[in-house]
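# A look at the structure
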Number of protein chains: 2
Amino acid sequence: MDAESKTTTEIRDTFKDFLSSKGLRVTNQRLAIFDAAYEHPDHFTAEDLLERSREIDDSVSRATVYRALPILTESGLIREVDVGRDYKFYMANRNATTFQAQVICLDCDKIFEIDAPFMEWYGKTVADKLGLNVESQRLQVTARCDELQTAGICKRSGKKAS
Amino acid sequence: MDAESKTTTEIRDTFKDFLSSKGLRVTNQRLAIFDAAYEHPDHFTAEDLLERSREIDDSVSRATVYRALPILTESGLIREVDVGRDYKFYMANRNATTFQAQVICLDCDKIFEIDAPFMEWYGKTVADKLGLNVESQRLQVTARCDELQTAGICKRSGKKAS
DNA sequence: GTCAATGCAAAAGATTTGCATACGG
DNA sequence: CCGTATGCAAATCTTTTGCATTGAC
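Below you will find a few notes about this structure. (Residues numbered from 1 in each chain as written. Chains lettered and ligands numbered in written order. Predicted model: local features only at pLDDT ≥ 70, side-chain atom pairs only at ≥ 80, totals over all residues. Heavy atoms only, no water.)

For the rest of this paragraph, the subject is the nonpolar core. Among the nonpolar cores identified, the biggest contains 36 residues, and A:Val103, A:Leu132, A:Leu139, B:Val103, B:Leu132 and B:Leu139 are the most heavily contacted of them. Mapped by element, the contributors of at least two residues to this core are strand E4 (100-105), strand E5 (110-115), helix H5 (119-130) and strand E6 (132-145) of chain A together with strand E4 (100-105), strand E5 (110-115), helix H5 (119-130) and strand E6 (132-145) of chain B. If we ignore the near neighbours within four places in the chain, the residues touching B:Leu139 are A:Met119, A:Tyr122, A:Arg138, A:Leu139, B:Phe99, B:Ala101, B:Gln102, B:Ala116, B:Phe118 and B:Met119. (Core = buried A, V, L, I, M, F, W, Y, C linked by side-chain atoms within 4.5 Å. Buried < 20%, exposed > 50% of the residue type's maximum accessible area, 1.4 Å probe, protein only. Helix = DSSP H or I, 4+ residues; strand = E, 2+ residues; numbered from the N terminus. Contact = heavy atoms within 4.5 Å.)

Further remarks concern the protein's contact with DNA strand D. In the vicinity of DNA strand D, 21 residues are found, and the nearest of them are A:Arg25, A:Ser59, A:Ser61, A:Thr64 and B:Tyr66. The protein-proximal atoms of DNA strand D, defined as those within 4 Å of the protein, are 66% sugar or phosphate. Contact between DNA strand D and B:Arg25: a base nitrogen at 2.8 Å from a side-chain N or O atom of the residue. B:Tyr66 is positioned such that a nitrogen or oxygen atom in its side chain is 2.6 Å from a phosphate oxygen of DNA strand D. Counting only elements with at least two residues in the surface near DNA strand D, the list comes to helix H2 (28-39) and helix H4 (62-75) of chain A together with helix H4 (62-75) of chain B. (Near = heavy atom within 4 Å. Polar contact = N/O pair within 3.5 Å; in protein donor to acceptor, adjacent residues only side chain to side chain.)

Another point: the interface of chain A and chain B. Chain A puts 34 residues into the contact, and the matching count from chain B is 34 residues. Of the roughly 2,800 Å² buried between chain A and chain B, counting both surfaces, carbon and sulfur atoms make up 58%. Linking chain A to chain B there are 2 salt bridges. In this structure, A:Glu135 and B:Arg144 form a salt bridge, with 3.7 Å as the shortest nitrogen-oxygen distance. Counting the contacts that link chain A with chain B gives 11 residue pairs in polar contact (both at pLDDT 80 or more). If you tally residues by element for the side of chain A that touches chain B, the top one is E6(A), at 14 residues. (Buried area = accessible area lost by both parts, 1.4 Å probe. Salt bridge = Lys/Arg side-chain N within 4 Å of Asp/Glu carboxyl O.)

Turning our attention to the packing of aromatic side chains. All names here are of chain A. Applying the stated criterion to the full structure yields 11 aromatic pairs over all chains. With a centroid separation of 5.6 Å and 65° between ring planes, the pair formed by Tyr87 and Phe89 is classed as edge-to-face. We classify Phe89 as buried; its relative accessible area is 10%. Every member of this aromatic cluster is reached through a ring pair, and the members are Phe15, Phe34 and Tyr38. (Phe/Tyr/Trp six-rings, centres within 6.5 Å; stacked < 30°, edge-to-face > 60°.)

So, about H4(A). All names here are of chain A. Here H4 contains 14 residues, and its C-alpha end-to-end distance of 20 Å stays within 8% of the 20 Å for a straight helix at 1.5 Å per residue. Listing the buried residues of H4 in full gives Val65, Ala68, Leu69, Ile71, Leu72 and Ser75. Where the residues of H4 are buried, they touch helix H1 (8-21), H2, helix H3 (46-56), strand E2 (78-81) and strand E3 (89-92). Residue Gly76 follows H4 closely and has a positive phi angle near 85°. (Expected span 1.5 Å × (residues − 1).)

Our focus in this paragraph is the environment of B:Arg94. Residues and elements named next belong to chain B. The residue Arg94 is located in the loop between strand E3 (89-92) and E4 in this model. Note: C-alpha distance between Arg94 and Gly131 (37 residues apart in sequence) is 33 Å. Excluding residues that lie within four positions of it along the chain, Arg94 makes contacts with Ala37, Tyr38, Glu39, His40 and Pro41. Side-chain polar atoms of Arg94 contact the backbone oxygen of His40, separated by 2.8 Å.

Right, let's get into the state of the cysteines. Per the stated rule, a full pass over the model turns up 0 disulfides over all chains. In this model A:Cys108 remains outside any disulfide bridge; the closest cysteine sulfur is found in A:Cys105, 3.4 Å from its own. (Disulfide = S-S within 2.5 Å.)

Among the secondary structure elements, A:Asp82 is positioned in the loop between E2 and E3. What A:Asp82 contacts, discounting residues up to four positions off in sequence, is A:Lys88, A:Arg138, A:Gln140, B:Gly84 and B:Arg138.

What follows deals with the sheet that holds strand E1 (residues 44-45) of chain A. All names here are of chain A. Strand order in the open sheet formed by 3 strands is E1-E3-E2, with antiparallel pairing between adjacent strands. The open sheet has two free edges, formed respectively by E1 and E2, since each of these has just one partner strand. Relative to E3, E1 is paired through 2 bridges, and the arrangement is antiparallel. Within E3, the position partnered with Phe44 by the bridge is Tyr90. (Pairing = 2+ DSSP bridges.)

Here you go:
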């Protein structure tokens, strides 16, 4: 067992506590959705999550996934990552302490999370000038993979040119 | 007439030239949509644009607006501003030379455009590390208007607490 | 005249919601 | 037991698309 970071079981207890503290019920479906999210090593969509949740508890419905996502987001246990497509991505918020920026590769179709600690300061500075209080921030870089286009293969994603 | 910046008429000619150069046709509908976009001082949605275009040429259909938007965006004459809602915003790209960040106020429901010249550098640096070439970037700060919540009115937007 | 552009209406696709039922506390 | 959470299916809402017709060049 990993001595440094919390186990999924421990985090699941945090989730249970969160639900209880909000007067929400601890249901099998919610736990299955939580587990599915934490099993996922990467970014996932609501649909991905539905599929994986159902492998754990096949009674999970799409509606329940969509209703659970805001709860998980509010609990801070997962993070919403909107990169401007017509559907949203999410990811387990395992141990991110600093602000994360995203680099989205249009060729690899992959999202990289990058530490961007200075963002904390930046957002506050700008918002202050307008007399506003920062609620959230996002910094996204959309990019192209030259390697894929030139060499025909991308080492990072393993994707080959089509 | 303004001696410093281009008139809308001049920019419309640029649009016509752009269309011709791409082998696209200069239609009344496209010009009406262009004019509507440039009459709009602020951010607007596709639906806003449809409404205003129809005041100029009532034959403009929703489909044509949606088909014109990517053309206008590609021409660089308007800019797409996706702030993570389920619909996109657009705005006339009058004279922006430096990178613009957005501050979105959840209370005023207003989008402020802010110069963020350092972003050019930042995006390139991060993408370089991954071996990627920057295609586009976005930096957005979501904020709350304390003034509105405390004093009940926001000077900036003129909005009153409900 | 030719073929791109248009309007219309239907389709698409992610997310939300109404409602009767199931189940957690 | 009470009331929240669920599944299902229908609804929503923006954006896209197929097709017959119109109009730019």
